[in-house]
Amino acid sequence: MTSSTNNDNNAENNTKKTGAEQFSAPENVLVELRQKIDQVDGEILQLISNRAKLAQDVAIFKKEHADEVDSNPIFYRPEREAQVLKNIMKRNQASDSPISDEKMARLFREIMSVCLDLEAPQKIAFLGPVGTFTHAAALKHFGKASTTVPLTTITDVFREVEAGSAMYGVVPVENSSEGVVNHTLDGFLTSSLKIIGEVELPIHHNFLVAEHTKVDSLSRIYSHQQSLAQCRHWLDVNYPNVERVQVSSNGEAARRLKNEWHSAAIAGDVAVAEYDLHKLHENIEDNPGNTTRFLIIGREDIAPSGQDKTSILVSAHNKAGALIEILKPLSKHGVSMTSIETRPERPNKWSYVFFIDMEGHIEDENVRAAIEEIRPLVRDVRLLGSYPQAVI
């Protein structure tokens, strides 16, 4: 009896010991993994600091050699950043990284943004207010270390950059569902600014409420006209009897919720953080592939990046077959046209201009040859810019 009891006790003790070992072993592994993470974090910190110091050295060099290189040194180089981001994505693809190529590029975008801010702080004007998709596009392209300034109209953005009050501007130019933004195209008719880059932003709409919103008593939904149109079917199904109110921007829609308990807004992710709102529903757009293209406007010419676009403004003669004449040189020289838009040429009555985007850089032989061949066929050709295609 005693022997049997002792054996039972020993078995119980062994079971307890084994259980403790099974508990401590995973804990030890976790501690070891965390120590390795801490070590890697330290290495990353040092490497980022080294990169930042090199960026400062670049700034010092440019300032010291301003007369030799450029009397007004340029610190932001779109073609260089595009090359770096493409290289990062290529190297990430070749590695065994669990992070997607685009997410890895976004990490480096923020590192580059901080380094550029050390070289020379960049003031970026955008079509506001804060919390709009244009705001999101500005942050996507320049990173969160840039200083972004919201302006009321597209015209204001052009003027701010022309006056030198902002280094660059961000304006919407076309949406895959709603079409071209005419105010942006018209801005180039009277401005000498150039296109120095582009941003493509997938448009995901959220149904937002504030902390004090009484969801069961919603009587009003605020949003921009285009956003309401892009979510029409979803709204018809989910909130058919709630009034839809058009406002000047999604940022303005989000702002209004601060003082109203019976309202909701449709806006993007940036508005959520800016106005401390909550997502009641996500991705409510009727077309999940909805994308808006934005242009970066500035004053300088951009060197080739290896994967570029060129935009031109063509004033054609008012005659039959004018457009066909313009397009033939592009086909002849193997230049791929990506888009063409027509706008009235103010103040001339019944005169029109063509905005043409094409693949390639003005320094590419075939692009230059095609444009030179177009010149004698029209009243005027203006190069709006050659710039890197959107990378992320």
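Residues numbered from 1 in each chain as written. Predicted model: local features only at pLDDT ≥ 70, side-chain atom pairs only at ≥ 80, totals over all residues. Heavy atoms only, no water.

- The name recorded for the protein in an unreviewed UniProt entry is Bifunctional chorismate mutase/prephenate dehydratase, from Psychrobacter pasteurii.
- Taken verbatim from the UniProt record of the protein, the Function (unreviewed entry) comment is "Catalyzes the Claisen rearrangement of chorismate to prephenate and the decarboxylation/dehydration of prephenate to phenylpyruvate."
- UniProt, in the comment section headed Subcellular location (unreviewed entry), describes the protein in these words: "Cytoplasm". (UniProt positions renumbered as here; feature names shortened; annotations may be inferred.)

### Regarding the sheet that holds strand S12 (residues 308–315)
Moving on, step 1. On the basis of which strands lie adjacent, the open sheet formed by 4 strands has the order S13-S14-S12-S15 and antiparallel pairing. Here the strands that pair on one side only, and so sit at the sheet edges, are strand S13 (337–344) and strand S15 (380–388). On average, each strand axis in the sheet is tilted by 15° relative to the strand beside it, whichever way the strands run.
Moving on, step 2. Note: S13 against strand S14 (residues 352–359), 7 bridges, orientation antiparallel. Directly across from Glu 341, in S14, lies its bridge partner Phe 355.
Moving on, step 3. Contacts from helix H12 (residues 322–332) reach S12, S13 and S14, with the element oriented near 15° to S14. (Pairing = 2+ DSSP bridges. Helix = DSSP H or I, 4+ residues; strand = E, 2+ residues; numbered from the N terminus. Axes fitted to C-alpha atoms, helices over the stretch in contact; angles between N-to-C directions. Contact = heavy atoms within 4.5 Å.)

### With respect to the packing of aromatic side chains
Moving on, step 1. All chains considered together, the criterion is met by 7 aromatic pairs.
Moving on, step 2. With centroids separated by 5.2 Å and ring planes inclined at 50°, the aromatic side chains of Tyr 76 and Phe 142 adopt a geometry described as tilted. Placement of Tyr 76 in the loop between helix H2 (66–69) and helix H3 (78–94) and of Phe 142 in helix H5 (residues 133–142) is noted, with a sequence separation of 66 residues between them. Neither residue differs from the other here; Tyr 76 and Phe 142 are each classed as buried.
Moving on, step 3. A ring pair is formed by Trp 234 and Tyr 239, whose centres lie 5.8 Å apart and whose planes are at 40°; its orientation type is tilted.
Moving on, step 4. Taking the relative accessible area as the measure of exposure, Trp 234 reaches 16% and is therefore buried.
Moving on, step 5. According to the relative accessible area criterion, Tyr 239 is buried, its value standing at 14%.
Moving on, step 6. Among the aromatic side chains, those forming a connected cluster through ring pairs are Tyr 76, Phe 142 and Tyr 168.
Moving on, step 7. When the ring centre of Trp 261 is taken as reference, the NZ or CZ atom of Lys 214 above it lies at 5.2 Å. (Phe/Tyr/Trp six-rings, centres within 6.5 Å; stacked < 30°, edge-to-face > 60°. Buried < 20%, exposed > 50% of the residue type's maximum accessible area, 1.4 Å probe, protein only. Lys NZ or Arg CZ within 6 Å of the ring centre and 35° of its normal.)

### As for the domain arrangement of the protein
Quite often, the size of an interface is put as the accessible area lost when its parts meet.
Moving on, step 1. Each assigned domain of the protein is listed here: domain 1 (74–204 + 288–303), domain 2 (206–287) and domain 3 (304–383).
Moving on, step 2. For domain 1 and domain 3, the distance between their C-alpha centres works out to 24 Å.
Moving on, step 3. In total, domain 1 and domain 3 occlude about 1,400 Å² of area from one another, counting both sides; carbon and sulfur atoms represent 48% of this.
Moving on, step 4. Where domain 1 packs against domain 3, one counts 3 salt bridges. (Domains from an automatic or database assignment. Buried area = accessible area lost by both parts, 1.4 Å probe. Salt bridge = Lys/Arg side-chain N within 4 Å of Asp/Glu carboxyl O.)

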